[in-house]
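Geometric and topological summary
Spelled out from the first residue to the last, the chains are:
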Amino acid sequence: MPKLKTHRGAAKRFGVTGTGKIKRNKAFASHILTKKTSKKKRKMRRSAVMDTTNAKVIKKLIPYV
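Here we summarise the structure given alongside this text. (Residues numbered from 1 in each chain as written. Predicted model: local features only at pLDDT ≥ 70, side-chain atom pairs only at ≥ 80, totals over all residues. Heavy atoms only, no water.)

**A few points about the sheet that holds strand S2 (residues 22-25)**
The strand order S1-S2-S3 describes an open sheet built from three strands, whose pairing is antiparallel. With one partner strand each, in any of the chains shown, strand S1 (15-16) and strand S3 (47-49) form the two edges of the open sheet. In this structure, S1 lies alongside S2, joined through two bridges in antiparallel fashion. From the neighbouring strand, Val-16 faces S2, where its bridge partner is Ile-22. (Pairing = 2+ DSSP bridges. Helix = DSSP H or I, 4+ residues; strand = E, 2+ residues; numbered from the N terminus.)

**Side note on unusual backbone geometry**
Of note, the phi angle at Phe-28 is positive, near 70°, even though the residue is not glycine. By the element assignment, Phe-28 lies in the loop between S2 and helix H2 (38-44). Notably, Ile-32 is not glycine yet its phi reads approximately 55°, a positive angle. Residue placement: Ile-32 occurs in the loop between S2 and H2.

Here is the structure:
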């Protein structure tokens, strides 16, 4: 089978943990932050683990990451 190309947009947004789960950043943290509480903004800094149903699609996009 030939080599697969990595989807560069997905590679910049997602990572893989040591156990093989897909890591992602939280949404809604880039602008319109004045109405959001400090607690909410602080929690959005952390990364989250992607749901397994969506992770299957992302794993195809980043085969070697």
